[in-house]
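Topology and contacts: notes
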Amino acid sequence: DTGVSQNPRHKITKRGQNVTFRCDPISEHNRLYWYRQTLGQGPEFLTYFQNEAQLEKSRLLSDRFSAERPKGSFSTLEIQRTEQGDSAMYLCASSRGTGITGLNTGELFFGEGSRLTVL
Amino acid sequence: GIQVEQSPPDLILQEGANSTLRCNFSDSVNNLQWFHQNPWGQLINLFYIPSGTKQNGRLSATTVATERYSLLYISSSQTTDSGVYFCAVYDASQGGKLIFGQGTELSVKP
């Protein structure tokens, strides 16, 4: 299977704990995106990378959130001091892109998501 | 930023019926995608369609970029078509990311 892979698929944690999600993109894709989706809503953009460079971060990404893509391959999304409001599905996607501005983007493909529940 | 509106928000169909889902967007876009979100939450790609018409089996999509809308047609619906359908657009002014609508929840009854 050469699709986007995310793990863990489910995470239950207590408020105040740290959690980390991993995303492995489609191998030939240079762009990687993180989205968050809450019940009944469409996915909301969090951040994206072109290779190892983080090109954009949403204001939704508070100081407790950090994303990395150190070698331009897999990415991690860490949430520190989790709050109940962080409970959501965290979706990763990848695509081919060209240009340094991020404007030229191919079709995005999503992983199965990582569902976070904060008790 | 760009606004994406989908209609209707909910739709209930009898198996075998046809339906049209609509996506309106407020500004020029570089591209547009339609997704089906399955019961487990995964977004399944349906169409990548900046303009024109594409067909894939019982599904087809049309985007009229100059008039800022796209339509998704589902013919001879099946119970497995149930789920949430999302339209998402690329906005050149907001970089290379997708902006999603709120979705249309489709329920196909046997």
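Right, let's walk through the structure included here. Just so it is clear, the structure is predicted and the values come from calculations on it, not from any experiment.

**What to know about the state of the cysteines**
Across all of its chains, the model carries 2 disulfides over all chains by this definition. The disulfide that involves Cys23 of chain A links it to Cys92 of chain A, with 1.8 Å between the sulfurs. Taking the sign of the torsion about the S-S bond as the criterion, the disulfide between Cys23 of chain A and Cys92 of chain A, at about -70°, is left-handed. Of this pair, Cys23 of chain A sits in strand β3 (residues 19-24) while Cys92 of chain A sits in strand β9 (residues 88-95), and the two are 69 residues apart along the sequence. The buried category is assigned to Cys92 of chain A, whose relative accessible area is 0%. Between the sulfur of Cys23 of chain B and that of Cys87 of chain B lies a disulfide, 2.0 Å long from S to S. Its torsion about the S-S bond being -55°, the disulfide of Cys23 of chain B and Cys87 of chain B is classed as left-handed. Of this pair, Cys23 of chain B sits in strand β3 (residues 19-25) while Cys87 of chain B is found in strand β9 (residues 83-90), placing the two residues 64 residues apart along the sequence. Each member of the pair, Cys23 of chain B as well as Cys87 of chain B, is classed as buried.

**Some words on the layout of surface pockets**
All names here are of chain B. There is about 430 Å³ of room inside the second largest pocket. Counting only elements with at least two residues in the lining of the second largest pocket, the list comes to β9 and β11 (104-109). For the lining of the second largest pocket, the element with the most residues is β9, which contributes 3 residues.

**Quick word on the interface of chain B and chain A**
Taken together, the contact between chain B and chain A spans 21 residues of the former and 23 residues of the latter. Summing both sides of the interface, chain B and chain A together bury roughly 1700 Å²; the carbon and sulfur share of this comes to 50%. Linking chain B with chain A are 1 salt bridge, by the criterion used here. The closest approach of N and O atoms between Glu56 of chain A and Lys97 of chain B, which form a salt bridge, is 2.7 Å. Of all the secondary structure elements, the ones that give two or more residues to the side of chain B that touches chain A are β4 (31-37), β5 (43-48), β9 and β10 (98-100) of chain B. In the side of chain B that touches chain A, the residues fall into 9 nonpolar, 11 polar and 1 charged.

Reading guide: rules and limits
- Residues numbered from 1 in each chain as written.
- Chains lettered and ligands numbered in written order.
- Predicted model: local features only at pLDDT ≥ 70, side-chain atom pairs only at ≥ 80, totals over all residues.
- Heavy atoms only, no water.
- Disulfide = S-S within 2.5 Å.
- Helix = DSSP H or I, 4+ residues; strand = E, 2+ residues; numbered from the N terminus.
- Buried < 20%, exposed > 50% of the residue type's maximum accessible area, 1.4 Å probe, protein only.
- 1 Å grid on protein atoms, 1.4 Å probe; cavity = no way out; pocket = protein on both sides within 12 Å on 5 of 7 lines; lining within 4 Å.
- Points joined across faces, edges and corners; volume = space filled by probe spheres on them.
- Contact = heavy atoms within 4.5 Å.
- Buried area = accessible area lost by both parts, 1.4 Å probe.
- Salt bridge = Lys/Arg side-chain N within 4 Å of Asp/Glu carboxyl O.
- Nonpolar A, V, L, I, M, F, W, Y, C, P; charged D, E, K, R; others polar.

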